[in-house]
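Each chain, letter by letter, is given below.
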Amino acid sequence: MKITNKSTAGIAVIVLIIVCLRFFSIVELPFPSAILSELSWILAFLIYIYTFKGRCRIQSKYPFIGKYFAYIVIVEFILCIYSMIKYNETVYDMLLCVGAFFLLSITYAILISFEKDGMQFLMDAVFWLMFVNTCLTIVHALVYNFIGIRLFGFIEIASKNTNIRISLGALMGVYFVYVFYNILQKRKQVLMTIALLIGLFAMFYVEMTRAKEVAVVGTLLIMWAFKRQDSKKDIVKYLIIIVAVIVFLYSGLFDAILNTFSINPSVNEQYQSTAARYNAMEYFSTFTNNNPLFGMGWVRPHTDELMKIFSGPTGTSFFDDLGFLGQYYRQGLLGASFYLALIIRMIYITFKIKKNRNEKVFCAGLASYVLLTTISLNCFDGLRMLAVPFYIACTEYIYYRDRTHYVIVRKENNDAVEKGIENEDRNTNIS
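The structure contained in this document is the topic of the report that follows. (Residues numbered from 1 in each chain as written. Predicted model: local features only at pLDDT ≥ 70, side-chain atom pairs only at ≥ 80, totals over all residues. Heavy atoms only, no water.)

Let's talk about the overall build of the protein
Part 1 of the argument: Assigned secondary structure in the protein consists of 18 helices and 2 strands.
Part 2 of the argument: By residue count, 49% of the 431 residues in the protein fall in the buried class.
Part 3 of the argument: Across the protein, the fraction of contacts at a sequence separation of at least 24, relative to all contacts at a separation of at least 6, is 75%.
Part 4 of the argument: Summing over all exposed atoms, the protein offers an accessible surface of approximately 21,000 Å²; the carbon and sulfur share of this is 64%. (Helix = DSSP H or I, 4+ residues; strand = E, 2+ residues; numbered from the N terminus. Buried < 20%, exposed > 50% of the residue type's maximum accessible area, 1.4 Å probe, protein only. Contact = heavy atoms within 4.5 Å. Areas by Shrake-Rupley, 256 points an atom, 1.4 Å probe, with all protein chains shown as cover.)

Laid out in structure tokens, this is it:
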């Protein structure tokens, strides 16, 4: 990955990713970790201002993005007004609640980088940053689990089954999709296979999030199914999938996984977390039952009274691990609408891309991951929102190039057709 003569927009995005991944956590931080979140919001906004000229130049190519972001701004403004009136909160409180939405503003910076550098530069940067971060996390977890020493100063540490548990970051879905896409395209296969195995090991051993495990495995299978092959290989492929599903259903593994979602302690050793999730759903649903349009609204739990509202009278209800339902409970139908719009748009683009485009597999992977994680992981929640600009920028950029590619085919003569196809393929190369 060469950085010489690359767009400053792309480099700025890389700096933001480093801040959001909290590489500073390798050492103990002398200040509260929340400051890094607020710093990332400010940095994202500064990137938005800095890329004003470039944004104006490319906005007309991606009309959906402008309309989509305008809708989100209107929704969040309405929710903030509602919350300020209902809970007697201040403008400062609302800024802290919606600050993570500033991360969406880097979408155009990502697109500017794609336009100038091609997708490979920034996607390679994401890959290497996530790869290093994942390796450091694994080393830290192994040392802690076997020796009991905290090697690095990682924050947000929890334990599960006596082992350390650390989040791998918002861009892990993008990482898995990019790595497996390269494997399917037979590019850098040794490196990417190692990266895939390391990522899977970290996900199962360090992060230990059931919903993400199911989502990642499902995403890889869907990408494999979307990979274009000849008819004989397609038959073999789908037969293998069918056999795998049958073995999964009748081997007892399926029942074992179902039992992990049970609140019966006789069948589920982790029943407490599942019971807490059900209790949270029961509590938060009272807000949407009373006001389905706004839900709970934005609550900054900085007082005892607001804390009781935010986490319930027992203090055990949280939005974590509620996925799409968490979005609905907190922001009502207004917030749920732009979450659904993102999923629908990504699925639409995946199927609109012409079948002979390799990037269709990449878009299918991103769309599948976003869809499958709705069960438990809300991509519009806190620093997870860092991934949303990549979901939007990647799919919209590929879709624009795909449409441009076929416009050239329709309008130009045969010589121009070949030249147009070659140029477009070079611009959309992501590996």
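There is more to say after this.
A closer look at helix 5 (residues 91-98)
Residues spaced three or four apart along an α-helix face the same direction, because each turn holds 3.6 residues.
Part 1 of the argument: When we look at burial in helix 5, the residues that qualify are Asp93, Met94, Cys97 and Val98. Along the long axis of helix 5, the arc covered by the buried residues comes to 115 degrees, so they all point the same way. Away from the buried face of helix 5 by more than 90 degrees, exposed residues Val91 and Tyr92 are located.
Part 2 of the argument: Looking at the buried side of helix 5, the elements it contacts are helix 4 (63-87). (Arc of directions from axis to C-beta.)

With respect to the nonpolar core
The tendency in soluble globular proteins is for nonpolar side chains to be buried as a group.
Part 1 of the argument: Grouped together as the largest cluster of nonpolar side chains are 106 residues, with contacts concentrated most on Phe114, Phe362, Phe380 and Tyr391.
Part 2 of the argument: Per-element accounting of this core gives the leading share, 12 residues, to helix 7 (residues 119-147).
Part 3 of the argument: Filtering out sequence-adjacent residues up to four positions away, Phe362 remains in contact with Met119, Met123, Val177, Tyr178, Tyr181, Cys394, Ile398 and Ile430.
Part 4 of the argument: With 12 residues, the next largest nonpolar core counts Ala280, Phe284, Phe310 and Leu322 among its residues. (Core = buried A, V, L, I, M, F, W, Y, C linked by side-chain atoms within 4.5 Å.)

With respect to helix 4
Part 1 of the argument: Here helix 4 contains 25 residues, and its C-alpha end-to-end distance of 36 Å stays within 8% of the 36 Å for a straight helix at 1.5 Å per residue.
Part 2 of the argument: Turning to helix 4, its buried residues are Ile65, Tyr68, Phe69, Ile72, Val75, Glu76, Leu79, Cys80, Tyr82, Ser83 and Tyr87.
Part 3 of the argument: Positive phi appears at Asn88, one or two residues downstream of helix 4, with a value of about 55 degrees. (Expected span 1.5 Å × (residues − 1).)

Digging into the packing of aromatic side chains
Part 1 of the argument: The final tally for this structure, using the stated rule, is 25 aromatic pairs.
Part 2 of the argument: Ring geometry for Tyr339 and Phe380: centres 5.4 Å apart, planes at 65 degrees, overall edge-to-face. With Tyr339 in helix 15 (residues 323-352) and Phe380 in the loop between helix 16 (359-372) and helix 17 (387-411), this residue pair connects regions lying 41 residues apart in the sequence. The exposure classification of Tyr339 matches that of Phe380, with both residues buried.
Part 3 of the argument: Aromatic rings pair up to connect Phe101, Trp298, Phe324, Phe338, Tyr339 and Phe380 into one cluster.
Part 4 of the argument: When the ring centre of Tyr48 is taken as reference, the NZ or CZ atom of Arg55 above it lies at 3.7 Å.
Part 5 of the argument: Sitting over the ring of Phe64, Arg345 keeps its end group 4.4 Å from the ring centre. (Phe/Tyr/Trp six-rings, centres within 6.5 Å; stacked < 30°, edge-to-face > 60°. Lys NZ or Arg CZ within 6 Å of the ring centre and 35° of its normal.)

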